[in-house]
Amino acid sequence: MQIAWQHFTPWTALAGGMLIGLAAALLILFNGRIAGISGIVGGLLRPRHGDLAWRLAFIAGLLASPVLYLLFHALPEARVEAGTPALIVAGLLVGLGVRYGAGCTSGHGVCGLSRWSARSLAATIAFMAAGFVTVYVLRHALG
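Residues numbered from 1 in each chain as written. Predicted model: local features only at pLDDT ≥ 70, side-chain atom pairs only at ≥ 80, totals over all residues. Heavy atoms only, no water.

Chemist: What is the right way to look at the nonpolar core in this model?
Modeler: The tendency in soluble globular proteins is for nonpolar side chains to be buried as a group. In terms of nonpolar packing, the biggest core is built from 8 residues, these being Ala 24, Leu 27, Ala 35, Ile 40, Trp 54, Phe 58, Ile 59 and Cys 111. For this core, the secondary structure elements donating two or more residues are α1 (10-31) and α3 (52-70). Tallying contributions element by element places α3 first for this core, with 3 residues. Setting aside chain neighbours within four positions, we find Ala 35 in contact with Ala 24, Leu 27, Ile 40, Phe 58, Ser 106, Gly 107 and Cys 111. (Core = buried A, V, L, I, M, F, W, Y, C linked by side-chain atoms within 4.5 Å. Buried < 20%, exposed > 50% of the residue type's maximum accessible area, 1.4 Å probe, protein only. Helix = DSSP H or I, 4+ residues; strand = E, 2+ residues; numbered from the N terminus. Contact = heavy atoms within 4.5 Å.)

Chemist: Honestly, the confidence of the model for the chain in this entry has me stumped. Any pointers?
Modeler: Interpretation of this model should avoid reading the predicted coordinates in detail wherever pLDDT is low. Averaged over all residues, the pLDDT of the chain equals 88, while 99% of them reach at least 70. For the chain, per-element mean pLDDT is lowest for helix α5 (residues 105-114), which scores 86, and highest for α3, which scores 91. (pLDDT = per-residue confidence, 0-100.)

Chemist: I tried to follow the packing of α5 against helix α6 (residues 118-141) on my own but got confused; where do I start?
Modeler: Helix packing geometry: the angle between the two helix axes and the distance between the axes. Running from N to C, α5 and α6 cross one another at 130°; their axes reach a closest spacing of 9 Å. Here α5 lies oblique to α6, going by the angle between them. The hand of the α5/α6 crossing is left-handed. Across the interface between the two elements, Thr 105, His 108, Gly 109, Gly 112 and Leu 113 from α5 touch Arg 119, Ser 120, Leu 121, Ala 123, Thr 124 and Phe 127 from α6. Classifying every residue of the contact of α5 with α6 by side-chain character gives 4 nonpolar, 6 polar and 1 charged. (Axes fitted to C-alpha atoms, helices over the stretch in contact; angles between N-to-C directions. Parallel < 35°, antiparallel > 145°, perpendicular 65-115°, else oblique. Left-handed = near helix turned anticlockwise from the far one by under 90°. Nonpolar A, V, L, I, M, F, W, Y, C, P; charged D, E, K, R; others polar.)

Chemist: Sorry, what's going on with unusual backbone geometry here?
Modeler: Glycine aside, residues mostly have negative phi, and peptide bonds are mostly found in the trans state. Phi is positive for Ala 102, close to 55°, though the residue is something other than glycine. Topologically, Ala 102 is positioned in the loop between α4 (84-100) and α5. Given a relative accessible area of 46%, Ala 102 falls into the partly exposed group. Unlike most non-glycine residues, Trp 116 shows phi in positive territory, near 60°. Among the secondary structure elements, Trp 116 is positioned in the loop between α5 and α6.

Pasting the structure below:
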């Protein structure tokens, strides 16, 4: 295995992680809500009174961040080598996993682990293990 040093960016990764942590901390401090993206988006599908504005603001912030990034840098090239059927199946599997796991990687991995949630630890281990197995199978078994 070789490291692609031109893609090794520890300082920007650290800054991004700190911003994600700050956003999650601010949301729970000021709104009492967990920054789990699947739960936030899911709440838009079945909105409750007084619950819509913060969800829309959070999603707007996620969508606005690439625009803000463009003020300082060009966006990196996005290259997807999978076809449309594979992307549809992958999206459905992720959605199924989010429902089955009662949350997504942001809710469990960022917020749940910071709260020492045993359920979030188990979910994060399962997410990571599934990712490792998928990469291994696709690269080595089906290769």
